[in-house]
Amino acid sequence: MDKRLKVNLSGWELDNPVIPASGTFGFGYEFAQFYDINELGSIATKGTTREARFGNPTPRIAECDRGMINAVGLQNPGIDEVIQTEFKKLQEVYHKKVVANISGFSVDEYVECAKKMDKEEIVGILEINISCPNVKHGGMSFGTNPENAAEVTRAVKAVTTKPVYIKLSPNVTDIVEIAKAVEDAGADGISMINTLLGSRFDLKTGKPIIANVMGGFSGPAIKPVALRMVYQVYNEVKIPIIGIGGIATAEDVIEMMYAGATAIEVGAENCRNPYACKEIIDNLPKLMDKLGINKLEDIIGRAHQ
């Protein structure tokens with residue numbers, strides 16, 4: 001283990017900044033057949049809701065140039081089953097804490113899930129996905145409105161002792177405004193960005209390829225957007241950022257940290273290459289030597305200096 005790779009998220013020291021992103025790595029143990037997943041900085045577990053969800057109708061994945069669109073729809077077995085079954089399976093092969101991603105369709109649902117996750121020793125950080133539609137208020141995503149984002153943040157912070165990171169949607173006019181709102185409401189950190197919205201259409205039929213028509217667009221193609229948004233938010237908040245969006249190589253990690261990220265999450269690349277995170281971790285020290293970087297913590301926000 002190269003100590004130069006260590007980073008700190010809200011008092012939690014990670015061996016390295018590489019975290020598989022929620023929804024792209026299952027509950028983690030599935031990847032233990034490929035390599036020792038304890039090499040990872042942490043794992044962001046699959047988005048969990050109060051009740052079990054089957055998700056959206058199929059087809060719900062479409063390939064794109066330099067990326068993919070997904071409309072899986074938060075398929076998961078529900079929080080009780082995740083805690084009782086999935087976490088126990090993970091703990092058999094993984095001995096670090098995780099970033100537990102939770103979703104909700106009302107503030108009450110976020111609160112209930114946060115309370116339950118807070119009791120779990122395996123959970124190091126709560127990552128709150130606010131890209132869900134607020135079913136009690138017309139279906140608008142919690143993450144597209146500063147007041148709604150702040151409301152969820154305050155409610156979750158009131159019932160948990162663990163650091164709370166809010167996962168921001170890029171599908172907004174001003175992401176800085178949302179970031180400042182959640183920081184003011186007590187967020188310990190920010191994860192960004194969630195997927196962009198995209199569509200694909202079948203050339204023969206003219207119909208949407210995805211049953212849901214639209215889905216989350218991710219992959220290397222969105223990296224410049226993610227970098228821009230992380231850069232903007234880093235300028236305006238004092239809490240740490242987990243950078244997400246198009247990361248596939250060690251070079252991408254360095255670039256995201258220059259923009260202001262303390263750690264990063266690797267998403268779509270895991271679907272293409274199950275060894276992606278391991279390869280990034282293996283390549284980081286060599287790249288650091290080449291670039292004259294002594295330790296990763298030194299480069300966070302370098303683009304702003």
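Note that the structure is a prediction, hence the values are computed from the model and not measured. (Residues numbered from 1 in each chain as written. Predicted model: local features only at pLDDT ≥ 70, side-chain atom pairs only at ≥ 80, totals over all residues. Heavy atoms only, no water.)

1. Looking at the nonpolar core
Part 1: The biggest cluster of nonpolar side chains holds 97 residues, and the ones touching the most others in it are M117, I128 and M192.
Part 2: Beyond its immediate sequence surroundings of up to four residues, M192 is in contact with L168, I175, M229, V230, V233, I241, I242, G243 and I244. (Core = buried A, V, L, I, M, F, W, Y, C linked by side-chain atoms within 4.5 Å. Buried < 20%, exposed > 50% of the residue type's maximum accessible area, 1.4 Å probe, protein only. Contact = heavy atoms within 4.5 Å.)

2. Some thoughts on the packing of aromatic side chains
Each pair of aromatic rings is reported with the distance of its centres and the angle of its planes.
Part 1: Under the defined criterion, the tally for this structure stands at 5 aromatic pairs.
Part 2: Both rings, one in Y35 and one in Y275, keep their centres 6.2 Å apart while their planes meet at 35°; by these two values the pair is tilted. Here the residue Y35 occupies a position in the loop between β3 (18-20) and β4 (61-64), and Y275 occupies one in the loop between α7 (268-272) and α8 (276-291), the gap between them amounting to 240 residues.
Part 3: Judged by relative accessible area, which is 7%, Y35 ranks as buried.
Part 4: Geometrically, the ring pair formed by Y110 and F142 is edge-to-face, given 5.4 Å between the ring centres and 85° between the ring planes. (Phe/Tyr/Trp six-rings, centres within 6.5 Å; stacked < 30°, edge-to-face > 60°. Helix = DSSP H or I, 4+ residues; strand = E, 2+ residues; numbered from the N terminus.)

3. Focus on the pattern of salt bridges
Side-chain pairing between opposite charges can occur once the charged atoms of the two side chains come close.
Part 1: Per the stated rule, a full pass over the model turns up 17 salt bridges.
Part 2: Of the charged contacts in the structure, one is a salt bridge between E39 and K278, with a shortest N-O distance of 3.3 Å. In this pair, E39 is assigned in the loop between β3 and β4 and K278 in helix α8, connecting sequence segments 239 residues apart.
Part 3: On the basis of relative accessibility, which here comes to 28%, the residue E39 falls in the partly exposed class. (Salt bridge = Lys/Arg side-chain N within 4 Å of Asp/Glu carboxyl O.)

4. Structural notes on the sheet that holds β4
Pairing between the strands of a sheet comes from backbone hydrogen bonds, and it takes one of two forms, parallel or antiparallel.
Part 1: What the 4 strands build is an open sheet, ordered β4-β5-β11-β10; its pairing is antiparallel. Strands at the two margins of the open sheet, each flanked by one partner only, are β4 and β10 (196-198). Going across the sheet, the axis of each strand differs from the next one's by a mean of 35°, ignoring polarity.
Part 2: The pairing of β10 with strand β11 (residues 215-218) spans 3 bridges and is antiparallel. Note that in β11 the partner of L196 across the bridge is F217. (Pairing = 2+ DSSP bridges. Axes fitted to C-alpha atoms, helices over the stretch in contact; angles between N-to-C directions.)

5. Let's talk about the layout of surface pockets
Part 1: Looking at the second largest pocket, its volume works out to about 320 Å³.
Part 2: Lining the second largest pocket are 16 residues, with R66, G67, P220, E269 and R272 sitting closest to its centre.
Part 3: Of all the secondary structure elements, the ones that give two or more residues to the lining of the second largest pocket are β4, β5 (67-70) and α7.
Part 4: Per-element tally for the lining of the second largest pocket: the top contributor is α7, with 4 residues.
Part 5: For the lining of the second largest pocket, the residue count by class is 6 nonpolar, 4 polar and 6 charged. (1 Å grid on protein atoms, 1.4 Å probe; cavity = no way out; pocket = protein on both sides within 12 Å on 5 of 7 lines; lining within 4 Å. Points joined across faces, edges and corners; volume = space filled by probe spheres on them. Nonpolar A, V, L, I, M, F, W, Y, C, P; charged D, E, K, R; others polar.)

6. Some remarks on α8
What sets the pattern is the α-helix's 3.6 residues per turn: residues three or four places apart point alike.
Part 1: End to end, α8 covers 21 Å across 16 residues, agreeing with the expected 22 Å (1.5 Å per residue, within 8%).
Part 2: The largest bend along α8 measures about 35° and falls at L284, with the proline P285 one to four residues further on.
Part 3: Within α8 the residues assigned to the buried category are A276, C277, I280, I281, L284, P285, L287 and M288.
Part 4: Buried-residue contacts for α8 involve β3, α6 (250-259), β13 (263-266) and α7.
Part 5: Directly after α8, the chain includes G292, whose backbone phi takes a positive value near 70°. (Expected span 1.5 Å × (residues − 1). Bend = angle between axes of the 7 residues up to and from the residue.)

7. Remarks on the sheet that holds β13
Part 1: In space, the 7 strands of this open sheet follow the order β3-β13-β12-β9-β8-β7-β6, with parallel pairing throughout. Taken across any chain shown, the strands that pair with only one partner, and hence form the sheet edges, are β3 and β6 (98-103). Recorded for the sheet is a direction-independent mean angle of 25° between the axes of neighbouring strands.

8. Regarding the environment of R66
Part 1: Along the polypeptide, R66 turns up in the loop between β4 and β5.
Part 2: Between the alpha carbons of R66 and G219 there is a distance of 6.1 Å; along the sequence they are 153 residues apart.
Part 3: For R66, the contacting residues outside a window of four places in its chain are S218, G219, P220 and A221.

9. A few points about helix α5 (residues 223-236)
Part 1: The terminal C-alpha atoms of α5 lie 20 Å apart, and with 14 residues this matches the ideal 20 Å at 1.5 Å per residue to within 8%.
Part 2: Buried within α5 we find K223, A226, L227, M229, V230 and V233.

Keep in mind that these numbers describe shape and distance, not what the molecule does.
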